[in-house]
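Spelled out, the chains give:
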Amino acid sequence: MGKVYVFDHPLIQHKLTYIRKNETGTKEFRELVDEVATLMAFEITRDLPLEDVTIQTPVSESKSQVIAGKKLGIVPILRAGLGMVDGMLSLIPAAKVGHVGLYRDPETLKPVEYYVKLPSDVEEREFIVIDPMLATGGSANEAIESLKKRGVKQVRLMCLVGAPEGVEEVQKAHPDVDIYLAALDEKLNEKGYIVPGLGDAGDRLFGTK
Ligand code: PRP
Ligand code: URA
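Since the model is a prediction, treat every value here as computed from it, not as a measurement.

*Asks:* Honestly, the overall build of the chain in this entry has me stumped. Any pointers?
*Replies:* A tally of helices and strands in the chain yields six helices and twelve strands. Radius of gyration (C-alpha) of the chain: 18 Å, near the 17 Å computed for a compact globule of 209 residues. The C-alpha extent of the chain, read off along each of the three principal axes, is 65 × 40 × 30 Å. When the 209 residues of the chain are sorted by exposure, 46% land in the buried category.

*Asks:* When you look at empty space enclosed by the protein in this model, what are you seeing that I'm missing?
*Replies:* To find the voids left in a structure, one rolls a probe of water-molecule size over its atoms. Under the criterion given, the structure shown has one cavity of 30 Å³ or more. Approximately 40 Å³ is the volume attributed to the largest cavity. Contributing to the lining of the largest cavity are Ile44, Thr45, Asp47, Leu48, Leu72, Glu126, Ile128 and Arg156. Each residue belonging to the lining of the largest cavity can be placed in one class, and the counts come to four nonpolar, one polar and three charged.

*Asks:* For this particular structure, what's the right way to read the site of ligand 2?
*Replies:* As a structural note, the neighbourhood of ligand 2 is formed by Arg104, Met133, Ala135, Gly192, Tyr193, Ile194, Gly199, Asp200 and Ala201. With respect to ligand 2, the backbone of Ile194 contributes an N or O atom lying 2.8 Å from an oxygen atom. Between an oxygen atom of ligand 2 and a main-chain N or O atom of Ala201, the distance comes to 2.8 Å. Out of a free accessible area of 240 Å², ligand 2 has 89% covered by protein chains. Assessed atom by atom at 2 Å from the grid points, ligand 2 resides in the largest pocket.

*Asks:* Looking at this structure, I do not really get helix H5 (residues 164–173). What am I missing?
*Replies:* An α-helix turns once every 3.6 residues. As a result, residues three or four positions apart point the same way. When we look at burial in H5, the residues that qualify are Gly166, Val167, Val170 and Gln171. The arc that holds every buried residue of H5, seen down its axis, measures 135°, which confines them to one face. Check the buried side of H5 and you find it contacts strand S1 (4–6), strand S8 (126–134), helix H4 (138–149), strand S9 (154–162) and strand S10 (178–184).

Rules used throughout
Residues numbered from 1 in each chain as written. Chains lettered and ligands numbered in written order. Predicted model: local features only at pLDDT ≥ 70, side-chain atom pairs only at ≥ 80, totals over all residues. Heavy atoms only, no water. Helix = DSSP H or I, 4+ residues; strand = E, 2+ residues; numbered from the N terminus. Rg over C-alpha atoms; globule rule 2.2 N^0.38 Å. Buried < 20%, exposed > 50% of the residue type's maximum accessible area, 1.4 Å probe, protein only. 1 Å grid on protein atoms, 1.4 Å probe; cavity = no way out; pocket = protein on both sides within 12 Å on 5 of 7 lines; lining within 4 Å. Points joined across faces, edges and corners; volume = space filled by probe spheres on them. Nonpolar A, V, L, I, M, F, W, Y, C, P; charged D, E, K, R; others polar. Near = heavy atom within 4 Å. Polar contact = N/O pair within 3.5 Å; in protein donor to acceptor, adjacent residues only side chain to side chain. Areas by Shrake-Rupley, 256 points an atom, 1.4 Å probe, with all protein chains shown as cover. Sits in = over half its atoms within 2 Å of the grid points. Arc of directions from axis to C-beta. Contact = heavy atoms within 4.5 Å.

Here you go:
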């Protein structure tokens, strides 16, 4: 079964509090999501493999380390996942970016796919699917399924806020996928919103409420 990691770094938790607040407006919300995505990128890349290199400093030769050329891909789930892309790219600029477009049907809460575009070398890359919200898990499961259908071998899922129900659904459907969160919340409400959550992430990011 996939593991669940909750990033408890104080800066992540502090910024998440302001993201959650009802009175936080679109501009600040977007900036904070971007900053938290950068901090989460720092945490999720802790296990990237390193290789030894020998370099010359101004003083002497030095045995140092660089990242061992692991190829990464980032896949935001449209729309709200877009708000986390730039923050991640600021730390891992060489990552390629794919897109999966999904929306939740407001009646059935089931995801409807409307767009998919991935880098061409999918089999050689490890992908991080990103979305601020993991609610019922339907969108994440559909996005991961869509990647796997196109040949992706390694996937992680990174979200700001997860509900226990969504975590369980992803673990059931994709036991090979680890989940990375800034917070694991209490539950879903009857409309499929995460409680306490942060409301509709897409609307708050893009001001479409
Ligand atoms: C939101 C969110 C996730 C999805 C989570 O997107 O960004 O993609 O809901 O819900 P789930 O786990 O129950 O599937 P939404 O469908 O509102 O689309 P948007 O990003 O275009 O606003
Ligand atoms: N999608 C959101 O944007 N927010 C939720 O709480 C649940 C799904």
